[in-house]
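Residue strings, one per chain:
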Amino acid sequence: MMDPSPAHPPGDLRNWLELPRDVTASILLKLGAIEILTSAQKVCFLWRNICKDPSMWRAVDMRNLGDLPYELEKMCQHAVDRSGGELADINIEYFGTDELLKYITERIHSSINVLCFVEKELISSSQLRCLRLVSCNSISDEGLSEAAEKLPLLEELDISYCSLSKEPLEVVGRCCPLLKSLKYNNQGYRRPRIECDEDALAIAESMPELRHLQLFGNKLTNDGLLAILGGCPKIESLDLRQCFNVTLTGDLGRRCADSIKHLRSPCDSTSDYEFDAEIHDSGSFDDDYPSGFSVV
């Protein structure tokens, strides 16, 4: 009689269900939240059981191209619920709203920690350290400001391609004193030439602990950059690509080169930039920018 459980011959495919639970969990973590909720958890009972573990949802990645046939807001709420208050990192693209931000901050508020700083107590209502909002035009200044007030442990914030003003930046700076990384990116263009240092001044005046700052396509000028250099003395990396109102020449160029470890200048290559970096100029810009850009 043949052995009903023969040894696996060399090169034979092994059953994925035989993998240790922690190994399976590590593999599933490579997937985004959308893939787990729509596919992976439906494979078998074991995978579904693993996918319900709160440790699987400390980081929720809802990265998408904006055209998936799912109710992404409800799916994101479900992912946040599964974290059981342990959510530390969340990435939302295209579908974020004020209501969703409010839901997230309220649901992760179950853990309360008290951290003591010099002559000051900071009461934490959540463990969220990283928040990424990309192309979320339904998030308002008020919505982000209200969320920031409940996220005092936030260390990394990416609010790229959102329709926001300087006000939520000021609130973030005031309410998130541990913030070390900010990405505040927009579509770059050179003409019509519009100069505006409001964002730069809000950052300079409220975020002294910043180490990493990306301002792709911002309208700041040399004055705004000088304010940032003065108000954020700990910056180690600064990305100014397509910030065409900044001219890194002379003393300013030398100061940036000397004080910033990793500096990306306005006309540096965008080949490694994760979003569309096409410039949509209107007409000629020769009269507005006669001297070009360089670091001296």
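Residues numbered from 1 in each chain as written. Predicted model: local features only at pLDDT ≥ 70, side-chain atom pairs only at ≥ 80, totals over all residues. Heavy atoms only, no water.

Identification of the protein chain as F-box protein SKIP19 from Morella rubra is taken from an unreviewed UniProt entry.

## Considerations on helix α4 (residues 72–82)
Turn by turn, an α-helix covers 3.6 residues, leaving residues three or four places apart pointing in a common direction. Of all the positions in α4, only Leu 72, Met 75, Cys 76, Ala 79, Val 80 and Arg 82 are classed as buried. For α4, the buried positions fall inside an angular range of 160 degrees around the axis, keeping them on one side. Contacts made by the buried residues of α4 are with α2 (33–38), α3 (45–51), β1 (59–62), β2 (89–93) and α5 (98–107). Downstream of α4 by one or two residues, Gly 84 has phi in the positive range, about 60 degrees. (Buried < 20%, exposed > 50% of the residue type's maximum accessible area, 1.4 Å probe, protein only. Helix = DSSP H or I, 4+ residues; strand = E, 2+ residues; numbered from the N terminus. Arc of directions from axis to C-beta. Contact = heavy atoms within 4.5 Å.)

## Brief notes about the environment of Lys 52
Here Lys 52 lies in the loop between α3 and β1. By relative accessible area, Lys 52 is classed as partly exposed at 47%. Between the C-alpha atoms of Lys 52 and Ser 83, which are 31 residues apart in sequence, the distance is 8.7 Å.

## Thoughts on the confidence of the model for the protein chain
Do not read the predicted coordinates in detail wherever pLDDT is low. Model confidence for the protein chain is summarised by a mean pLDDT of 87, while 84% of its residues fall at 70 or above. When the criterion is pLDDT under 50, residues 111–125 qualifies, and its contacts beyond four places in sequence or with other chains add up to 31 contacts. (pLDDT = per-residue confidence, 0-100.)

## Looking at the nonpolar core
Proteins that are soluble and globular tend to have nonpolar side chains buried together. Ranked by size, the top nonpolar core spans 71 residues in total, and within it Ile 90, Leu 133, Leu 182 and Leu 225 carry the most contacts. With 5 residues, α4 is the single largest residue contributor to this core. Setting aside residues no more than four positions away along its own chain, Leu 133 makes contact with Ile 92, Leu 101, Ile 139, Leu 144, Asp 158, Ile 159, Ser 160 and Cys 162. (Core = buried A, V, L, I, M, F, W, Y, C linked by side-chain atoms within 4.5 Å.)

## Some thoughts on α5
Turning to α5, its buried residues are Leu 100, Leu 101, Ile 104 and Thr 105. For α5, the arc enclosing every buried residue in end-on projection is 130 degrees, short of the 170-degree limit, so these residues lie on one face. On its buried face, α5 is in contact with α4, β2, β5 (130–134) and α6 (141–148).

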